[in-house]
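Letter by letter, the chains look like this.
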Amino acid sequence: MKLFKLSVLFIFLFALTSCGGTDKKKEESTPKKEIKTPKKTKPEVDLYSDIEASNNILLTSSDASVYSKEILKVEGSKKVKITFKHTGKMDKKVMGHNFVLLKKGVSMSSFGKEAANAVSNGYIPENTQDVIAYTKLIGGGEETTIEFDAPEVGTYRFICTFPGHYIAMNGKFIVI
Ligand SMILES: [Cu+2]
């Protein structure tokens, strides 16, 4: 009799514990799609392979403080000619623009801040050693042209040094 009770208890316990196993398996969530991102192993110069090099550049700006191009690509060991136009209407005292090509390693923000104080010199610090080439400051409707020898192969930065403009008016100048 005692054995019977034990076996009933055992069956009861067995039934209890096995209940949990009868649950339907949750449907597995949809498999994750693998997103393959190509590794950027190419040198920076090649990232803009869709842009053709030209040593005769037309760059414009307007009453908005932006350049028409943020990537300029030129061939090395040649002259570079940049025609810079301001297509807006505002005076250069309010919305002046220039094109300033910085030497390698020169910080856009430090130079931009320094240049903002050089009001009497068109926002170019006098006797600066940080610049490869620059245009004068122009206002709406004006244009100016500069010519200079392309610097050695590499990537340089250009900015507008009118106070505060370098934040939006900057770009890369690539010599190939
Ligand atoms: Cu500007």
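Residues numbered from 1 in each chain as written. Predicted model: local features only at pLDDT ≥ 70, side-chain atom pairs only at ≥ 80, totals over all residues. Heavy atoms only, no water.

Under an unreviewed UniProt entry, the name given to the protein is Blue (type 1) copper domain-containing protein, and the organism recorded is Polaribacter filamentus.

Further remarks concern the overall build of the protein. Scanning the protein from terminus to terminus reveals three helices and eight strands. Mapped from its N terminus to its C terminus, the protein presents α and β elements in the order α-β-β-β-α-β-α-β-β-β-β. Taking all 176 residues of the protein together, 35% fall into the buried category. For the protein, restricting intrachain contacts to residue pairs at least 6 apart in sequence, the fraction spanning at least 24 positions comes to 71%. Carbon and sulfur atoms make up 55% of the accessible area of the protein, which totals about 12,100 Å². (Helix = DSSP H or I, 4+ residues; strand = E, 2+ residues; numbered from the N terminus. Buried < 20%, exposed > 50% of the residue type's maximum accessible area, 1.4 Å probe, protein only. Contact = heavy atoms within 4.5 Å. Areas by Shrake-Rupley, 256 points an atom, 1.4 Å probe, with all protein chains shown as cover.)

Protein coordination at the copper ion comes from His97 (ND1), Cys160 (SG), His165 (ND1) and Met169 (SD), with a distance range of 2.1 to 2.7 Å. One can describe the donor arrangement at the copper ion as irregular, given that its four donor atoms subtend angles of 82 to 133° at the metal. The sequence pattern describing where the donors of the copper ion fall on their chain is H-x62-C-x4-H-x3-M. One end of the pair, His97, is in the loop between helix H2 (92-95) and strand S4 (100-102); the other, Met169, is in the loop between strand S7 (154-159) and strand S8 (170-175), and 72 residues separate them in sequence. Residue Met169 is classed as buried on the basis of its relative accessible area, which comes to 0%. (Donors = N, O, S within 2.8 Å, 3.2 Å for Na, K, Ca; no water. Tetrahedral: all angles 85-135°; square planar, octahedral: opposite > 155°, others 65-115°.)

Pairing between strand S1 (residues 56-61) and strand S3 (residues 79-86): six bridges, direction parallel. If you follow Leu59 over to S3, its bridge partner there is Phe84. As defined by bridge partners, S3 adjoins strand S6 (residues 143-149) across seven bridges and the pair is classed as antiparallel. Bridge assignment links Thr83 to a residue of S6, and that residue is Thr145. (Pairing = 2+ DSSP bridges.)

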